[in-house]
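# Structural characterization, general
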Amino acid sequence: MRRDTCGELRREAAGRKVVLAGWVHRVRDLGGVTFVDLRDASGIVQLVLRDAQSAHLAREDVIRIAGAVRLREAPNPALPTGEIEVEIETIEVLSHAKPLPLGVAEEGTPSEETRLRYRYLDLRRPRMQRNLRLRHRTALAIRQYLDGEGFTEVETPMLTRSTPEGARDFLVPSRLARGTFYALPQSPQLFKQILVTSGVERYFQIVRCFRDEDLRADRQPEFTQLDLEMAFLEEPEQLFPLLEGLVAHVFRKTIGVEIALPLPRLPHAEAIARYGSDKPDLRFGMEIADVSETFAGGPFRVFADVVAGGGAVRALPVTGGATKSRGELAKLESVAKGHGLPGLAWIKTGEEITSSLGKHVPSETLSALAARAGAQNGDLVLLAAGKPDIASTTLGDLRLRLADELGLIPQDRWGLAWIVDFPLFKAGEGRLESEHHPFTSPRAEDLSLIEREPLKVRAKCYDLVMNGVELASGSIRIHRRELQEQIFRILGIGPEEAERRFGFFLRALEYGAPPHGGIAFGLDRWVMMMAAEESIREVIAFPKTTTGACPLTDAPSIVDDGQLKELGLRLEP
RNA sequence: GGGGACGUGGUCUAGGCUGGACUAGGACACCGGAUUGUCACUCCGGAGACCGCGGGUUCGAAUCCCGUCGUCCCCGCCA
C-alpha cells in the first residue's frame, strides 16, 4: 500500500484517493463531524471524519487512513495544505498514545529534564524537527562541497591513546590488557596529521569528540567537529579561500544566506585593541580607542601615572549610553573591578558634557576625548586605565554587555572574520603553554625569537569567529621532528616524556611528512546559530544535562560487579 | 571547586517579600456530556497537588531558616 505524505497535498490533488499515516496532532470534535489534524514528517493535513466512523482518537495516536482529497469549504491560509482536506473512508489505529507528559502541539516549553526524559515526544515538535533537518542539511552541504574539492572522509579511532594535554580524558578500561586504558578522543588531531602524512592529501571527517569538563549552554561532553586537514600548505592564506567557499556554500544551501567574500582578516593584537576580545562580535561598532596620549603627563595624575608606568588608557564609546544613571555606572565599575582594574571613569556627552573626571580635566579636553573615541551626542564614553590588555579586555566585556542591554546588536548579520597572528605561547603557571596546541607552526620570520622571547613569537594559526563566537580554529602544523621537539622542550616536555606520549607521532614525521595544516569547526555551534537557538542542546538529538546525565536512559549508571571484575576494577567506597 | 536562579496536579504557572479565610487559584492536557464546518473549535460538568525531599523555627509553614537532591545560567575549567 503506497503511502502519500500529509504536508505536500495541494489543490491539484483534489479528487485523488490517498493513503496517509501519521500522528494525531489535534482533534476537533463538532459532533456530527470531527476534524483531525494529521501530522507526518512532511507536515500537517486536515482529515474529516463523519459521525458514523467516530473512532475515538487521542493526541499522538498513530493512525492510517484511506480517503479522498477534496477542496475545502473554508480554506485555512495558515497551512500549506490549507486549501484541501481528506475525507476519511477507512481508518485504522496503528498505535495508541497515553496522555502526554509534554504537549507536542503546544507552544509552551516544559522543563529541560522533562523534555530530555521524553525526548521522543520533544523531538516530534516542529521546531525540533526543523533543527534536526537543518543539521542534516548542514552535514550534507559540507560533504558535497568538500567532495567536490577532492577531500576524502576518513574515520579515526574512538578508542585511542590518552594524551593528557588540555582537557580531561574520558577513559575506557581495557579487558584484554588489564590495568590499561583507552581514551576517547578530544579531537582527531594527531590522526589527521598522520593521515596527510599517509598520502591522504585532503582529509576531512564529521566526527564526535569527547572532553570531560564542566558543561555550558554551548558545551557538551560529546560534541561534533568538522575536522579537516590538507597537505602542502605552508601559509594560512593558502587555506582560507577554500574554507570561505565552504562557509558560503553551507550558508547558501541550508538557510539561503549569501556571505560576502573574502572574509575580513583581523590580527589578534588588533582584535584585542579594537574590540577587547580575541573573538570579537563584529555585528556592531563601538570600537575601543587608545587615548593614552591625552593623559600622558596630563591633568589627571592617576591616569598619567598609569601611562608613565607602561600602561594604557582606553576608551569605549557606548551608543546612546548618556542616559545611564549613577547606579548603573557603579555597576559597570564593579564589572571593571572584577577584571582587576581599580576603577572606571566616564564621560557623558550631550548639550553639556559631564564626567567623573570633571574636577580634574577641563571640559575641552573631555570633548576632545569623546570625539577621539568616536562618541556622538548622547553617547557615553567609558575610560579604563591599566595594563594595556586588561584595559582592553575589560572594555571588551563591557562593550558586549552594554550593546546587548541597549539592543544594539543586529540579529540579521553574521559578523564573520578570520583572527590571525595569534601568539604561539601564553604564560601559564610558571611555564609556557601553547595558545592553540603544541603542533602549531611558528611563523618563519619569528623563529629567531623562539628561545629568547618566546612570548613574542607569532603562530601560523587562525580562528574563524562569527557573532562573537569561535566557530572554527586551526593552524599550519609543524612537519619536522626537530622543530616539534624544540617546541615540546619549551613547553616543558622533555625528550623522554615526548617519546613516551608522542613517540608514535614524532616517528611519523621522520618518514617524509609534507607541510600541512587544517582546521576544526564546532558543528553544534554552527548549526545552533543558523537555527537561531541559544543552546547546542537544541540541535543535538540526545544531549546531556549540565551534570552530564541523560534523563532518557539514566546514563551514567552503576554496573554489575561482574563487569567490574572482568576489567579488574574495584570501586573505592 | 565557587556563585546565582528555579523546583506547586500530567504540563505551564499564580500565591512566597509581609506565615493565619490557601479548604492551594488559573490555563492547557485528561474524563463525562452537548455540538454538522472547525482549524489553539466552542459550551456545560468532573477528577487530579499531602507545594522536590529531610530537618528546624512557630500556637500555626507552600510561604521563614538549615541541609539535601534535581534542572538551568555564570566563573574556574574546556591544549
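The present account deals with the structure reproduced in this document. Residue numbers here run from 1 along each chain, matching the order of that chain's written sequence. Chain A is the first chain written and ligand 1 is the first ligand written, with later ones labelled in order. Confidence filtering applies because this is a predicted model: local features only for residues at pLDDT of at least 70, side-chain atom pairs given and counted only at 80 or more, and all residues used for totals across whole chains, interfaces and linings. Side-chain descriptors were evaluated using all non-hydrogen atoms of the structure, hydrogens and water having been removed beforehand.

## Quick word on the overall build of chain A
In terms of helices and strands, chain A carries 15 helices and 22 strands. Overall, chain A is about 95 × 75 × 55 Å in size when its C-alpha atoms are taken along their principal axes. Throughout, exposure labels follow a simple rule: accessible area from a 1.4 Å probe, protein chains only, divided by the maximum for the residue type, with under 20% read as buried, over 50% as exposed, and the rest as partly exposed. Counting every position in chain A, which comprises 573 residues, the buried fraction comes to 49%. Two residues qualify as a contact provided that any one of their heavy atoms is within 4.5 Å of a heavy atom in the partner residue. Residue pairs in contact within chain A that sit at least 24 positions apart in sequence constitute 67% of those at least 6 positions apart. Charge convention: Lys and Arg are scored as positive, Asp and Glu as negative, and His as well as the terminal groups of each chain are ignored. Charge positions are represented by NZ for Lys, CZ for Arg, CG for Asp and CD for Glu. Positive and negative side-chain charges of chain A, numbering 74 and 82 respectively, have mean locations separated by a distance of 2 Å. The way it works is that DSSP assigns letters per residue, a run of H or I at least four long becomes a helix, a run of E at least two long becomes a strand, and they are numbered from the N terminus.

## As for the protein's contact with RNA strand B
Definition of nearness: a residue and a molecule or strand are near each other if at least one heavy atom of the residue lies within 4 Å of the molecule or strand. Taken together, the neighbourhood of RNA strand B is formed by 45 residues, with Asp 29, Arg 50, Glu 85, His 436 and Thr 546 sitting nearest. A share of 53% is what sugar and phosphate atoms reach among the atoms of RNA strand B within 4 Å of the protein. Ala 74 places a polar main-chain atom, nitrogen or oxygen, 2.7 Å from a base nitrogen of RNA strand B. The set of elements that each furnish at least two residues to the surface near RNA strand B consists of strand E1 (17–29), strand E2 (33–40), strand E3 (43–50) and helix H1 (112–117). With three residues, E1 is the single largest residue contributor to the surface near RNA strand B. The residue inventory of the surface near RNA strand B, partitioned by class, reads 11 nonpolar, 15 polar and 19 charged. In protein, a polar contact means a hydrogen-donor-capable atom and an acceptor-capable atom, both N or O and within 3.5 Å, with residues adjacent in sequence counting only if both atoms are side-chain atoms; elsewhere, any N or O pair within 3.5 Å suffices. Residue type decides the class: Asp, Glu, Lys and Arg count as charged, Ala, Val, Leu, Ile, Met, Phe, Trp, Tyr, Cys and Pro as nonpolar, and the leftover types, Gly among them, as polar.

## Brief notes about the sheet that holds strand E9 (residues 202–210)
Strand order in the open sheet formed by eight strands is E6-E9-E10-E22-E21-E20-E17-E11, and the pairing between neighbours is mixed. Each edge of the open sheet is held by one strand with a lone partner, namely strand E6 (152–153) and strand E11 (265–267). The pairing criterion for strands is at least two bridges between them, as found by DSSP. Direction of pairing for E11 relative to strand E17 (residues 416–420): parallel, over a ladder of three bridges. In the sheet register, Leu 266 faces E17, and the bridge partner there is Ile 419. Across the face of the sheet, helix H14 (residues 523–530) comes into contact with E9, strand E10 (222–231), strand E20 (461–466), strand E21 (469–476) and strand E22 (516–522) while running at roughly 50° to E22. Fitted lines through C-alpha atoms serve as axes, helices being fitted only where they are in contact, and the angles separating the N-to-C directions of these axes extend from 0 to 180 degrees.

## What to know about the nonpolar core
In plain words, nonpolar cores are sets of buried Ala, Val, Leu, Ile, Met, Phe, Trp, Tyr and Cys residues tied together by side-chain atoms within 4.5 Å. In terms of nonpolar packing, the biggest core is built from 47 residues, with Ile 142, Leu 146, Phe 251, Leu 416, Phe 521 and Trp 526 touching the most fellow members. Per-element accounting of this core gives the leading share, eight residues, to helix H5 (residues 240–255). What Leu 146 contacts, discounting residues up to four positions off in sequence, is Phe 151, Phe 204, Leu 226, Leu 228, Leu 242 and Leu 246. In terms of nonpolar packing, the next biggest core, distinct from the first, is built from 21 residues, Val 318, Leu 329, Ala 336 and Trp 346 among them.

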